[in-house]
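If you want the building blocks of each chain, they are given just below.
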Amino acid sequence: MPITTTRRRLLAGSAAALALPAFARAQGAVKPRLTAISQWSAGSDGAAITALGKKFEEKGGIWQHSPVPGFTTEMMNKLRAQIMAGDPPACSQLKGPEIAAWSKIAPTVDLDAVVAAAGYEKVVAPDLAKLHKPGGKWIALPLQIYSTNMLFLSKRAMDKAKADKIPVTWAEFNDLAERMKAGGVPYPVANGGTRPDDGQKFEAALAGISPAAYRAAIMNLDAKALKGPEIKAAFVQVRKIADWMDPNVGAQHFSTNLKRFIDGDMGMMIMGGWAQGVLRNAGFKFEDFMIAPGPSDNSKPVFLLNADAFIFWQRKEPDLQAGQTLMAQLVMDPAIQTMYSQITGSIPVRTDVDLSGEGWSDGQRRTAAALKDAIASNQAVLSLAHNMAQENGMTAALIDVITEYVKDKTIKPEQAATRLAEAVEGAR
Amino acid sequence: MTNAVSTKPGRPAASDLVRRLPEYLMIWVPLLLCAVHLVSFSLWTIWISFTPSTLVPVSGWVGLRNYTAVLASRNWQIAFDNLLLFGSAFVLLSAVTGLVLAILLDQRIRGENALRSIFLYPLAVSFVVTGTVWSWLLNPGIGIQKLVHDLGWTSFKFDWLIDRDMAIWTIVIAAIWQSSGFAMALFLAGLRSVDADIIKAAQIDGAGPIRTYWRIILPTLWPITITVVVVQLQFAISAFDLVRALTNGGPGIATQLPALVVYDLMFQRSLLGRGAAAAVLMLLILLAVLLPYAAWRYVQKRRATHA
Amino acid sequence: MRELAPGRVLIYLIVSLIAATWLAPLAVVVLNSLRTNEEIAQGSMIGWPQHLAWSNYAAAWSGFCVAETCAGIRPYMLNSALVTIPATIFSTLLGAVAGYAVSLWRFRGDNWIYGIVTLGLFLPQQMRLLPWTIVLRDIGLINTLTGLVLIHTIQGLSFTTLFCRNYYVAIPHELIRAARIDGAGFFRIFWRIILPLSPPILIVTVIWQFTHIWNEFLYGVTFTNGQQQPVTAALIALSAAVADIPQHGVQSAAVIIAALPTLLIYLLGGRYFVRGLTAGAVK
């Protein structure tokens with residue numbers, strides 16, 4: 001595999017060079033250099049971006065990455081400061097609708113030619129592609145994909161419930177949770193309680209009940225869909241999930257519960273694919289848990305897309321321009337995406353990468369298969385909780401309602417649905 | 001200040017001015033820089049609060065729209081109530097804690113140096129660290145409650161962190177832990193500067209220790225109490241990092257505070273105009289507290305001059 | 001040695017209880033700094049180390065990676081020192097001069113300017129972030145440590161001026177008057193009379209400024225590039241990995257190392273802190 005992909009990359013690279021004499025000349029004349037800002041500093045995120053930087057240097061480039069540790073907000077503060085100072089980085093991490101929003105405040109690079117040369121558009125999920133070409137032109141490139149609604153099942157909890165069938169629909173999920181409870185699993189759900197975690201519970205519920213309703217209400221903010229019965233049904237399901245959780249988890253990270261999850265004191269977890277890497281890094285074994293796509297009432301997998309990406313900012317310096325071309329080629333390269341995803345536990349953006357080889361886990365293969373099926377049945381939707389469906393302002397307004405509902409059991413599902421619709425109006 | 005040495009009244013001669021230029025520079029440049037940055041930053045924020053700015057500052061005029069949006073939001077309403085509760089509870093309790101600690105340390109006890117260091121060391125720790133560590137301790141699933149359960153007392157309950165009504169008190173606890181050492185230091189300073197003769201006289205009159213404190217010593221601490229309140233108030237307003245690390249506004253949005261809302265609107269939600277409006281509202285709250293204090297000081301001073 | 005009266009015993013008991021409470025968070029961090037990440041992840045946040053994982057300290061000091069840089073907390077400590085030390089010195093000295101001028105050399109508008117400067121204590125940090133961005137851009141100091149020193153010096157003046165002024169107000173004016181009659185000027189008086197009297201309050205402002213600047217995060221990451229970030233950024237890098245197992249062991253060790261300078265300052269200066277406040281803030 002490495003040989004073929006390398007050759008393919010070389011082909012892609014030379015095709016780009018042929019198609020883009022200007023870029024090629026720039027690249028030949030100067031040493032490509034890239035200034036980049038991201039929040040990826042620690043753990044596998046930090047390791048992956050470091051490996052990407054190494055590849056960039058191997059290609060003769062100068063890699064100048066400035067990690068901004070902390071939350072996305074701090075990274076954005078840094079980016080904003082650089083843009084206001086007239087000195088944007090050549091490329092920076094940004095995702096979802098924020099790409100469109102930020103592209104309005106500073107000029108971005110038109111990547112259409114490089115993307116066309118690499119034939120990238122054919123192998124990217126259409127909903128995802130749209131996010132990265134807000135004005136019809138590619139200005140940003142997705143790098144890796146996670147699903148936010150993977151279902152993790154504890155083997156020991158399954159044993160306690162005397163169950164071996166992975167639940168496919170929400171009814172089956174609820175049934176299994178009850179059986180776990182009856183079988184002596186004190187808390188059938190093992191999620192954490194951070195804001196995104198609460199958001200994930202809701203989006204998994206709604207998209208699992210009806211991907212069409214999710215698309216209309218959450219992605220398109222359709223006023224009628226927001227008042228539809230599916231929203232209320234989703235809140236009912238979220239309440240069930242919340243009631244099966246340990247109330248003591250508070251706002252802790254989901255990883256706090258991993259030990260109890262593996263031990264079978266907690267049964268199921270609806271979490272992004274990254275939880276797999278966390279479990280592995282915490283020293284747990286793959287035999288102790290199972291991974292499957294999250295519940296979907298029509299039995300076809302629903303995929304809540306979360307994709308990290310780089311946006312490219314316009315620079316006049318020839319070395320930075322050459323660096324941007326090189327970076328764009330690297331990010332689209334199947335070998336690089338393979339390397340990156342194998343470090344972080346995500347799956348490649350390219351749908352044509354073969355995950356059967358060594359270095360991929362079952363969870364990743366299942367995620368990739370789910371993505372393919374979901375795209376085929378038009379059930380790949382954009383995650384709200386991870387800022388893919390709406391701009392940050394709207395997202396935060398919606399999550400406010402959801403997290404309050406999860407934490408406050410006196411709020412009725414109808415009330416929550418009304419508040420959600422009001423929050424959309426308030427944030428518009 | 002009334003008997004301070006006055007510089008020469010009237011217009012100084014040109015040669016005098018040149019000779020004294022260095023001192024004017026040393027006095028005025030830093031003070032002016034500081035004052036100008038405060039005034040201009042405040043004015044800038046006020047201006048932004050009337051613009052439709054989102055990701056970056058832009059010009060334009062939207063009237064009071066940002067203000068009405070902020071005031072109508074649940075986040076702000078909750079934050080405002082919390083500030084009143086947190087502000088008053090924290091300032092009061094940390095002052096009381098500081099006073100109690102100071103009185104205890106003032107009993108000529110052994111190991112005073114060590115104890116003083118113990119009560120002061122939280123001041124050296126960053127808010128983020130304090131918030132993180134207390135979020136471990138106060139979380140019922142992994143902290144104190146779990147520890148007590150593991151020790152055998154399984155009916156023990158201490159779950160304020162996940163209780164919407166009580167969560168704000170966990171912030172009060174962490175903030176008191178971090179900052180009452182400062183109040184203690186100030187009060188201890190005050191206790192140590194009370195005239196020993198007065199205390200002796202009271203004791204000769206047969207006053208017990210409690211009576212001596214209550215009647216003689218504590219009344220002399222009023223001016224310090226004001227300083228303590230001002231410093232703690234400043235702490236309460238800037239307790240942003242602490243809250244972010246401890247509850248991040250949760251459970252749900254039950255522990256929102258104005259500083260959190262300002263940061264959230266400005267940088268998380270990319271609504272600069274609204275965030276600026278929230279910041280201006282926060283400054284107005286502050287002025288509502290500080291102006292009466294300034295007026296009180298003014299009256300006091302006037303009285304002192306007339307006396 | 002006197003006999004301990006029951007009342008004294010009670011006092012000691014109360015004091016020790018409170019002291020234990022105050023020490024508990026530190027104890028938890030110290031214990032966690034000696035447990036491995038896996039041990040904490042599989043158990044609880046509070047617990048005895050199974051075996052002492054001193055390697056956490058090695059990793060924290062010079063091992064863990066922030067993206068490409070695998071040098072632990074060490075280079076970030078240096079960055080923080082490069083900002084904190086000059087900014088502390090400048091803001092303290094300028095604040096001392098300003099406090100001296102405001103308290104002992106009345107000049108036109110002094111009350112106004114003093115009032116505004118002290119209001120700075122209450123202006124929230126987050127609100128000043130964007131204006132500072134514009135200012136640093138316009139004077140070309142974005143992404144420089146000099147820019148950070150400038151910010152902290154100017155913002156720090158609010159506190160240092162307030163405390164120095166309150167301290168100097170208590171200095172007998174006859175002292176100054178006599179010196180002036182002898183022909184001493186502004187600086188001479190400051191140098192010869194004021195400064196020698198100042199150590200208690202300067203210790204207070206140094207402690208205060210040092211800890212505040214050392215622990216600052218928001219400006220530290222926004223106005224620097226990767227290699228110049230302060231120690232708080234490295235600490236956050238250890239704590240905020242969303243897609244990873246929290247590195248609580250190394251994180252705790254790093255927290256302790258990063259807090260050592262400020263803790264030492266409080267330990268060594270604690271006694272003078274109270275003394276300085278006795279003379280200073282009490283007015």
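Reading the values: the criteria
- Residues numbered from 1 in each chain as written.
- Chains lettered and ligands numbered in written order.
- Predicted model: local features only at pLDDT ≥ 70, side-chain atom pairs only at ≥ 80, totals over all residues.
- Helix = DSSP H or I, 4+ residues; strand = E, 2+ residues; numbered from the N terminus.
- Rg over C-alpha atoms; globule rule 2.2 N^0.38 Å.
- Contact = placed C-beta atoms within 7 Å.
- Nonpolar A, V, L, I, M, F, W, Y, C, P; charged D, E, K, R; others polar.
- Pairing = 2+ DSSP bridges.
- Axes fitted to C-alpha atoms, helices over the stretch in contact; angles between N-to-C directions.
- Buried ≥ 20, exposed ≤ 12 C-beta atoms within 10 Å, placed from the backbone.
- pLDDT = per-residue confidence, 0-100.
- Core = buried A, V, L, I, M, F, W, Y, C linked by C-beta atoms within 7 Å.
- Domains from an automatic or database assignment.
- Parallel < 35°, antiparallel > 145°, perpendicular 65-115°, else oblique.
- Expected span 1.5 Å × (residues − 1).
- Left-handed = near helix turned anticlockwise from the far one by under 90°.

> How would you explain the overall build of chain B if you had to name every residue and give the values?
Counting secondary structure elements, chain B contains 14 helices and 1 strand. Relative to the compact-globule value of 19 Å for 307 residues, chain B shows a C-alpha radius of gyration of 25 Å, a clear excess of over 25%. For the C-alpha atoms alone, the extent of chain B along its principal axes is close to 80 × 75 × 30 Å. For chain B, the proportion of contacts with a sequence separation of at least 24, taken over those separated by at least 6, is 69%.

> An account of the interface of chain A and chain B is requested, with residue identities and associated values reported.
Opposite the 25 residues of chain A that make contact, chain B presents 24 residues. Those elements that provide at least two residues to the side of chain A that touches chain B are helix H4 (72-84), helix H5 (98-103) and helix H19 (392-407) of chain A. Counted by class, the side of chain A that touches chain B contains 9 nonpolar, 10 polar and 6 charged residues.

> Pulling in residues and values, what's your account of the sheet that holds strand S5 (residues 150-154) of chain A?
All names here are of chain A. Taken together, the 4 strands give an open sheet; going across it, the order is S6-S7-S5-S8, and neighbouring strands pair in mixed fashion. Edge positions in the sheet fall to strand S6 (187-189) and strand S8 (289-293), since each has one partner strand and no second. Across the sheet, the mean angle from the axis of one strand to that of its neighbour is 20°, orientation sign disregarded. As paired strands, S5 and strand S7 (residues 266-271) are joined by 4 bridges and run antiparallel to one another. Counted as the bridge partner of Met150 is Met271 from S7.

> Kindly report on the pairing of strand S1 (residues 33-38) of chain A, identifying the contributing residues and their values.
All names here are of chain A. The buried fraction of S1 amounts to 6 of the 6 residues, a majority that puts the element mostly inside the structure. Of the two faces of S1, the one holding Arg33, Thr35 and Ile37 and the one holding Leu34, Ala36 and Ser38 are both buried throughout. Both S1 and strand S2 (residues 62-67) contribute to a ladder of 6 bridges, which runs parallel. Pairing of Arg33 across the sheet is with Ile62, part of S2. Looking at chain direction, S1 and strand S3 (residues 91-93) are connected through 2 bridges and run parallel. Within S3, the position partnered with Ile37 by the bridge is Ser92.

> Tell me about the environment of Phe80 of chain B, residues and numbers included.
Relative to the elements of secondary structure, Phe80 of chain B occurs in helix H4 (residues 74-105). Linking Phe80 of chain B and Leu281 of chain B, residues 201 residues apart in sequence, is a C-alpha distance of 9.9 Å.

> How would you summarise the interface of chain B and chain C if you had to cite specific residues and measurements?
Each partner contributes residues to the interface: chain B has 73 residues there, and chain C has 69 residues. Top element by residues in the side of chain B that touches chain C is helix H2 (residues 21-48) of chain B. It accounts for 15 residues. Looking at the side of chain B that touches chain C residue by residue, the class counts come to 51 nonpolar, 17 polar and 5 charged.

> Can you tell me about the confidence of the model for chain B, naming the residues and giving the values?
Residue and element names in this part refer to chain B. Overall, the predicted model of chain B reaches an average pLDDT of 87, with 95% of residues at or above 70. Here strand S1 (residues 5-6) stands out as the least confident element of chain B, with mean pLDDT 46; helix H3 (residues 65-72) is the most confident, with 95. In this model residues 1-10 is a low-confidence stretch, pLDDT under 50, and it forms 19 contacts with partners more than four residues away in sequence or in other chains.

> Give me the lowdown on the nonpolar core, citing residues and values where you can.
Grouped together as the largest cluster of nonpolar side chains are 319 residues, with contacts concentrated most on Leu305, Ile311 and Phe312 of chain A. Among the elements that take part in this core, helix H8 (residues 167-192) of chain B stands out by supplying 17 residues, more than any other. Residue contributions to this core reach at least three from each of two domains, namely domain 1 (7-143 + 307-352) and domain 2 (150-304 + 363-427) of chain A.

> Let's hear about the environment of Ala81 of chain A: which residues, and what values?
As for its placement among the helices and strands, Ala81 of chain A is situated in helix H4. For Ala81 of chain A, a count of 22 C-beta atoms within 10 Å corresponds to the buried category. Ignoring any residue separated from it by four or fewer positions in sequence, one finds Ala81 of chain A in contact with Thr133, Ile142, Thr222 and Phe223 of chain C.

> Go over the environment of Pro142 of chain A, please, and point to the residues and values.
Mapping Pro142 of chain A onto the fold places it in strand S4 (residues 140-147). Those residues in contact with Pro142 of chain A that sit more than four places away from it in its chain are Val124, Leu128, His132, Ala307, Ala309 and Val349 of chain A.

> Talk me through the packing of helix H10 (residues 195-209) of chain A against helix H11 (residues 211-219) of chain A; I want residue IDs and the actual numbers.
Residues and elements named next belong to chain A. Between H10 and H11, whose axes approach to 5 Å, the crossing angle comes to 125°. For the element pair H10 / H11, the angle class is oblique. Of the residues in H11, those in contact with Leu206, Ala207 and Ile209 of H10 are Pro211, Ala213, Tyr214 and Ile218. Counted by class, the contact of H10 with H11 contains 7 nonpolar, no polar and no charged residues.

> Break down the pairing of S5 of chain A for me, with residues and values.
Counting buried positions along S5 of chain A gives 5 out of 5 residues, so the element sits mostly inside the fold. Burial along S5 of chain A is two-sided: the residues Met150, Phe152 and Ser154 of chain A and Leu151 and Leu153 of chain A are all buried.

> Describe H11 of chain A, naming the residues involved and giving the relevant values.
Residues and elements named next belong to chain A. Of all the positions in H11, only Pro211, Ala213, Tyr214, Arg215, Ala217 and Ile218 are classed as buried. Where H11 is buried, its residues touch H10, helix H12 (223-226), helix H13 (229-243) and strand S11 (380-382). The first or second residue beyond H11 is Leu221, which carries a positive phi of 50°.

> Give a description of the confidence of the model for chain C that names residues and reports values.
Here chain C averages 87 in pLDDT, and 94% of its residues register 70 or above. Here the predicted complex scores 0.90 on pTM and 0.89 on ipTM.

> Requested: an account of helix H16 (residues 318-332) of chain A, with residues and values cited.
In this model, H16 of chain A (15 residues) spans 21 Å end to end at C-alpha, consistent with the 21 Å of a helix rising 1.5 Å per residue. For H16 of chain A, a buried count of 13 out of 15 residues is recorded, marking the element as mostly surrounded by other parts of the structure.

> Give a detailed account of the packing of helix H5 (residues 112-120) of chain B against helix H1 (residues 6-32) of chain C, specifying residues and quantitative values.
Running from amino to carboxyl end, H5 of chain B crosses H1 of chain C at an angle of 40°, the nearest separation of the two axes being 9 Å. When the axes of H5 of chain B and H1 of chain C are compared, the pair comes out oblique. Pair H5 of chain B / H1 of chain C crosses with left-handed handedness. Side by side, H5 of chain B and H1 of chain C meet where Leu115, Ile118 and Phe119 of chain B of the first sit next to Val15, Ala19, Trp22 and Leu23 of chain C of the second. When grouped by side-chain class, the residues that make up the contact of H5 of chain B with H1 of chain C number 7 nonpolar, no polar and no charged.

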